[in-house]
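Architecture at a glance
Each chain is listed here by its residues.
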Amino acid sequence: MRNNARYEIKEVGVFTPKMLAQEKLNPGDVGYFIANIKSTADVKIGDTITDQRHPAREPLPGFQEIHPMVFSGIYPINTGDFEHLKTAIAKLRLNDSAFIYQPESSVALGFGFRCGFLGLLHMEIIQERLRREYNMDIIATSPSVVYEVITTGGEKLVIDNPAHLPNPTVIQEIREPIVKAYVLCPNENIGDILQLILEKRGQMDRTESLDTRRVMLHCELPLNEILVDFNDKIKSITRGYGSMDYEQAGYRAAKLVKLDVLVNGEPVDAFSTIVHKDRAEARGRQLAAKLKEVIPRQLYQVAIQAAIGGKIIARESVSALRKNVTAKCYGGDITRKRKLLEKQKEGKKRMKSIGKINIPQEAFIEVLKAQ
């Protein structure tokens with residue numbers, strides 16, 4: 001009834017004590033029906049089924065469409081495994097209605113899927129099942145959340161990928177998802193946990209003493225800040241005794257910007273992220289430093305830059321490989337050596353203007369692991 005879809009029923013029946021066809025199923029019966037439904041995506045968990053000739057007046061209450069909160073790209077490490085990954089993800093979708101996916105291609109990582117999850121735990125379970133049950137070698141991009149963008153024309157856009165963010169000149173404000181978090185910790189760790197919440201741009205609501213040894217902190221945090229390492233840090237601070245739970249609490253406007261990474265002046269989409277303006281410089285420096293370690297050296301200097309729009313906020317340089325062009329000159333006039341070095345300098349300048357950096361896939365894997 002929620003989908004407003006009609007199907008022809010071929011057979012109805014019950015499962016227990018064994019699968020057995022019946023003449024009819026009455027309201028409240030537990031059983032099955034076989035119909036001409038082409039895709040499992042057409043069936044929503046919690047929907048109401050009724051007879052078209054004698055329909056129910058209204059659907060049963062409680063149905064809610066599941067909206068993913070966290071998005072991540074999943075790619076096969078070996079590009080030849082794409083079809084296997086496609087089959088594995090389709091099978092997982094059959095028994096997990098909260099998991100959604102759509103094909104996506106990246107210049108750096110090839111063909112893969114943009115996947116939506118209910119939360120971090122859900123994402124880790126899906127990734128682990130792909131590795132264990134289907135023997136897939138996969139790489140997952142760092143998790144991101146869904147942002148709401150209000151344009152200057154008053155239009156509301158939903159953005160789940162930094163690459164789809166519109167031009168800053170048409171953005172009036174960007175809203176990020178907020179969660180209500182409940183952090184449980186021992187009394188002696190309250191100070192450190194409060195410091196962590198403030199670092200993550202959180203706001204304290206209240207504290208609640210559960211007993212003489214434990215306290216619960218009620219706070220609001222941006223979902224993006226708790227995605228990667230928040231839970232790990234709570235466990236570390238409390239020596240394993242702390243825990244957290246969270247629930248969605250709507251959207252709030254924030255000073256968010258798109259951070260681009262440029263290698264030799266060319267932006268690399270796979271490393272683009274949406275970050276808070278105050279954290280952008282530190283994040284840019286971290287990414288540039290990591291890329292410097294993994295990009296192979298060329299015959300000319302390679303610049304790695306982090307930028308917000310046209311403003312460069314961090315830079316690292318991969319030094320050039322040096323070929324000894326004066327090796328054949330032994331003795332003789334110094335002007336000969338200078339002439340050869342000047343010629344090499346001109347050649348490097350020309351090479352830098354037309355050279356193209358091919359970033360190896362290992363570099364992407366290393367940087368995404370570090371995130």
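What comes next concerns the included structure.

The rules behind these values
Every chain begins its residue count from 1, and numbering advances along the sequence as written. Two thresholds apply to this predicted model, a pLDDT of at least 70 for residue-level local features and 80 or more for giving and counting side-chain atom pairs, whereas whole-chain, interface and lining totals are computed over all residues. The side-chain values count all of the structure's non-hydrogen atoms but skip hydrogen atoms and water molecules. Exposed residues in this analysis have more than 50% of their type's maximum accessible area, buried residues have under 20%, and partly exposed residues fall in between, with area computed by a 1.4 Å probe over protein chains only. What counts as a helix is a DSSP run of H or I of at least four residues, what counts as a strand is a run of E of at least two, and both are numbered from the N terminus. The arc in question is traced by the directions running from the helix axis to the C-beta atoms. Contact definition: two residues touch when any of their heavy atoms are within 4.5 Å. A strand pair is defined by DSSP finding two or more bridges across the two strands. Patch membership requires more than 30% relative accessible area and the absence of a salt bridge. Residues of like charge join within 9 Å; the nonpolar side chains Val, Leu, Ile, Met, Phe, Trp and Tyr join within 5 Å. Accessible surface is estimated by sampling points in the Shrake-Rupley manner with a 1.4 Å probe; for residues, cover comes only from the protein chains shown. Just to be clear on terms, a salt bridge is a Lys or Arg side-chain nitrogen sitting within 4 Å of an Asp or Glu carboxyl oxygen. Each axis is a line fitted through C-alpha atoms, and for a helix only the stretch in contact is used; angles between axes span 0 to 180 degrees, taken between their N-to-C directions. Our angle categories are set so that under 35 degrees counts as roughly parallel, over 145 as roughly antiparallel, 65 to 115 as roughly perpendicular, and the remainder as oblique. Here is the rule for handedness: rotate from the far helix to the near one, and if that takes an anticlockwise turn smaller than a right angle the crossing is left-handed, while a clockwise turn gives right-handed. Under this grouping Gly is polar, as are all residues other than the nonpolar Ala, Val, Leu, Ile, Met, Phe, Trp, Tyr, Cys and Pro and the charged Asp, Glu, Lys and Arg.

The subject of this paragraph is helix H3 (residues 190–199). Of the residues making up H3, those classed as buried are Ile 193, Leu 196 and Ile 197. The buried residues of H3 all sit within an arc of 100 degrees when viewed along its axis, so they share a single face. In this structure, the buried side of H3 is in contact with strand E11 (171–186), strand E12 (203–209), strand E13 (214–222) and helix H4 (230–237). Where H3 ends, the next residue or the one after it, Arg 201, has phi of about 65 degrees, a positive value.

We now examine the pairing of strand E18 (residues 302–308). Judged by how many residues are buried, E18 sits mostly within the fold: 6 of 7 residues are covered. Note: strand E15 (residues 256–263) against E18, 5 bridges, orientation antiparallel. Across the sheet, the residue bridging to Val 263 is Ile 304, located in E18. In terms of strand pairing, E18 meets strand E19 (residues 311–318) through 7 bridges, oriented antiparallel. Its bridge partner being in E19, Ala 306 is matched across the sheet by Ala 314.

Once that is clear, we can look at a nonpolar patch on the surface. A contiguous nonpolar patch, built from Ile 9, Phe 33 and Ile 49 and spanning about 290 Å² of accessible area, is present on the exposed surface. Along the chain, Ile 9 falls in strand E1 (residues 9–14).

Position of Gln 127 among the secondary structure elements: in helix H2 (residues 120–133). When sequence neighbours within four positions are dropped, the list of residues in contact with Gln 127 reads Ser 72, Ile 74, Ile 138 and Ala 140.

Further remarks concern the pattern of salt bridges. Applying the stated rule across the entire model yields 18 salt bridges. Lys 156 is the partner of Glu 148 in a salt bridge, and the nearest nitrogen-oxygen pair spans 3.7 Å. By relative accessible area, which is 12% here, Glu 148 ends up buried. The shortest N-O distance in the salt bridge between Glu 225 and Arg 279 comes to 3.3 Å. On the criterion of sequence distance, the pair formed by Glu 225 in the loop between E13 and H4 and Arg 279 in the loop between strand E17 (273–276) and helix H5 (280–294) is long-range, its members being 54 residues apart. By relative accessible area, Glu 225 is classed as buried at 12%. By relative accessible area, which is 32% here, Arg 279 ends up partly exposed. In the salt-bridge network here, residues are joined through shared partners; they are Glu 148, Lys 156, Glu 173 and Arg 175.

Before going further, it helps to examine the packing of helix H1 (residues 82–94) against H2. Where H1 contacts H2, the axes come no closer than 11 Å and their chain directions differ by 130 degrees. Relative to H2, H1 is oriented oblique. In the crossing of H1 with H2, the sense of the turn from one axis to the other is right-handed. Facing H1, whose interface residues are Leu 85, Ala 88, Ile 89 and Leu 92, H2 presents Ile 126, Arg 129 and Leu 130. Taken together, the residues that form the contact of H1 with H2 break down as 6 nonpolar, no polar and 1 charged.

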